[in-house]
Amino acid sequence: MDFNLKKLTSDAGVFFTRAVQFTEEKLGSAEKTELDAHLENLIARADCTKNWTEKIFRQTEVLLQPNPIDHTGARIEEFFYEKLDKKIPSRTTNGELLGQYMLDAAKDFGPGTPYGSTLITVGEYQSRLGGAEREFLQTSAINFLTPLRNFLEGDWRTISKERRLLENRRLDLDICKARVKKAKQAEAKAACEGDAEPDFQETRPRNYVLSASASAAEQELRVAQTEFDRQAEVTRLLLEGISSTHVNHLRCLHEFVEAQATYYAQCHQYMQELQKELSSANSDTYPNSFASNANPSTSATCPSPVSSATLPGVSPPCLASTSTPGIAREPSGPLKIQDVQQPSTGHRKAKVLYDYDAHDTSELSLLADELITVYTVPGMDPDWLVGERGNQKGKVPVTYLELLS
């Protein structure tokens, strides 16, 4: 008990002395030992690495898990598994959950109904998208987040500990320097006073004590200098290891980008396959009435804001003829659109690129992003096609369409 009390008292004294030295340095009343330029640069580089690594780590977590506190308690569950040092189990992603809901709904609505069969198709692809997302999250967590976390919670803590120890060694060194300086000043002053007095017998013991005190202070200074130099070397070696940390994080960054590219490529492939399956279905199964009721204000428009409705006789640049710019090229000869019959072959699906207002009853108005069936008939102008949307039929400009199949 006595030993612990003595140690506690000694530690408190050292702490107080260091605090006084630190305060005097801040006030400019005490000298401070400066680190060499190379070590200062290493410290600044390490601080920069730590700060940006922490920001990148936190933001990557937000990217991979936008809602950390959700109804599933995902982040809380991860916290407990990390504290228990156990592997985090694989969880169902939102895409997989949505796909399962769609499949379950299709069972109740009837798999043979148009809506039910579509729910099955979309639900299966949503499950695939969710599986791709889960694989991306796991890969990114292992290859990118884990190395960053290991640096922040492992290497950086060691560096910080050694830097604090270096700062304490520097304070101890400066304290010893101040003691030596005071001892020498006291010794010099005593020598001057002794020379001025006629009898030196009384001043000799005091000079001896001051000389011994100065010698002891110099010995403490040498020990403190050795400990400071040793700690500075240890800290320097650790800080120089930041370069290898950058190399490791660079490799992890490449792996993260590779996983991200693979994930988005899978998503793009799945969505293309889903669109093909939906577009290949019969038009009776997927009615286009939703497109005709779409809000025109949210649809894309032709690059030219001037329409033929506002300027009679002038059509948008999309329809301008190469022979007479600015003048709409109409189909050659009169064409009764009601008498045109859809051919048994040659009809295609087309996606509308821009809104189009019909000029007369023979034309068909279009809304951007809707799907229509188009075909051509003998004797028709090549810049125009016959378009059908449900029971509606009319001429449509080719430049407003993107042929899909």
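Residues numbered from 1 in each chain as written. Predicted model: local features only at pLDDT ≥ 70, side-chain atom pairs only at ≥ 80, totals over all residues. Heavy atoms only, no water.

**Q** Tell me about the overall build of the protein, and name the residues and values.
**A** When helices and strands are counted, the protein shows eight helices and five strands. For the protein, buried positions account for 31% of its 405 residues. Carbon and sulfur atoms make up 57% of the accessible area of the protein, which totals about 25800 Å². (Helix = DSSP H or I, 4+ residues; strand = E, 2+ residues; numbered from the N terminus. Buried < 20%, exposed > 50% of the residue type's maximum accessible area, 1.4 Å probe, protein only. Areas by Shrake-Rupley, 256 points an atom, 1.4 Å probe, with all protein chains shown as cover.)

**Q** Lay out a nonpolar patch on the surface with the relevant residues and their values.
**A** A contiguous nonpolar patch, built from Leu 250, Leu 253 and Val 257 and spanning about 250 Å² of accessible area, is present on the exposed surface. Within the secondary structure layout, Leu 250 lies in helix 7 (residues 242-279). Given the relative accessible area of 47%, Leu 250 is considered partly exposed. (Patch = residues over 30% accessible without salt bridge, like charges linked within 9 Å, V, L, I, M, F, W, Y side chains within 5 Å. Salt bridge = Lys/Arg side-chain N within 4 Å of Asp/Glu carboxyl O.)

**Q** Break down unusual backbone geometry for me, with residues and values.
**A** Even without a glycine there, the phi angle at Asp 369 is positive, about 80°. Inspection of the secondary structure assignment puts Asp 369 in the loop between strand 1 (348-352) and strand 2 (371-375).

**Q** Please set out the sheet that holds strand 2 residue by residue, giving values where relevant.
**A** The antiparallel open sheet is built from five strands, whose spatial order is 4-3-2-1-5. Each end of this open sheet is capped by a strand with a single partner; those strands are strand 4 (392-397) and strand 5 (401-403). Strand-to-strand twist in this sheet, taken as the mean axis angle between neighbours without regard to direction, amounts to 40°. Across three bridges, strand 1 lies against strand 5 in antiparallel orientation. (Pairing = 2+ DSSP bridges. Axes fitted to C-alpha atoms, helices over the stretch in contact; angles between N-to-C directions.)

**Q** How would you sum up helix 2 (residues 37-64)? Please name residues and give values.
**A** With 28 residues, helix 2 should reach 40 Å at 1.5 Å per residue; the first-to-last C-alpha distance of 40 Å fits that figure. Here helix 2 has its buried residues at Leu 39, Leu 42, Ile 43, Ala 46, Thr 49, Thr 53, Phe 57, Thr 60, Glu 61 and Leu 64. Where helix 2 begins, one side-chain oxygen reaches toward the backbone nitrogen of His 38, 3.2 Å away; that side chain belongs to Asp 36. (Expected span 1.5 Å × (residues − 1). Polar contact = N/O pair within 3.5 Å; in protein donor to acceptor, adjacent residues only side chain to side chain.)

**Q** For the packing of helix 2 against helix 7, give the residues involved together with the corresponding values.
**A** Here helix 2 crosses helix 7 at 20°, and the two axes come no closer than 12 Å. The angle between helix 2 and helix 7 places the two elements in the roughly parallel class. Note on packing geometry: the crossing formed by helix 2 with helix 7 is left-handed. Packed against helix 2, whose contacting residues are Arg 45, Ala 46, Thr 49, Thr 53, Thr 60, Leu 63 and Leu 64, the element helix 7 presents Ile 242, Ser 243, His 246, His 249, Phe 256 and Gln 260 at the interface. Here the contact of helix 2 with helix 7 is built from residues that sort into five nonpolar, seven polar and one charged. (Parallel < 35°, antiparallel > 145°, perpendicular 65-115°, else oblique. Left-handed = near helix turned anticlockwise from the far one by under 90°. Contact = heavy atoms within 4.5 Å. Nonpolar A, V, L, I, M, F, W, Y, C, P; charged D, E, K, R; others polar.)

**Q** Any chance you could break down the nonpolar core for me, citing the residues and the numbers?
**A** Of all hydrophobic cores here, the largest spans 37 residues; its most connected members are Leu 35, Leu 39, Phe 136, Leu 166 and Leu 239. When residues of this core are traced back to their parent elements, those giving at least two are helix 2, helix 4 (94-109), helix 5 (114-196), helix 6 (203-240) and helix 7. Per-element tally for this core: the top contributor is helix 5, with 16 residues. In this view, Phe 136 contacts Leu 64, Phe 256, Ala 259, Gln 260 and Tyr 263; residues no more than four positions away in its chain are not counted. With 16 residues, the next largest nonpolar core counts Leu 366, Val 377, Met 380 and Trp 384 among its residues. (Core = buried A, V, L, I, M, F, W, Y, C linked by side-chain atoms within 4.5 Å.)

Limitation: the analysis is restricted to geometry and does not speak to function.
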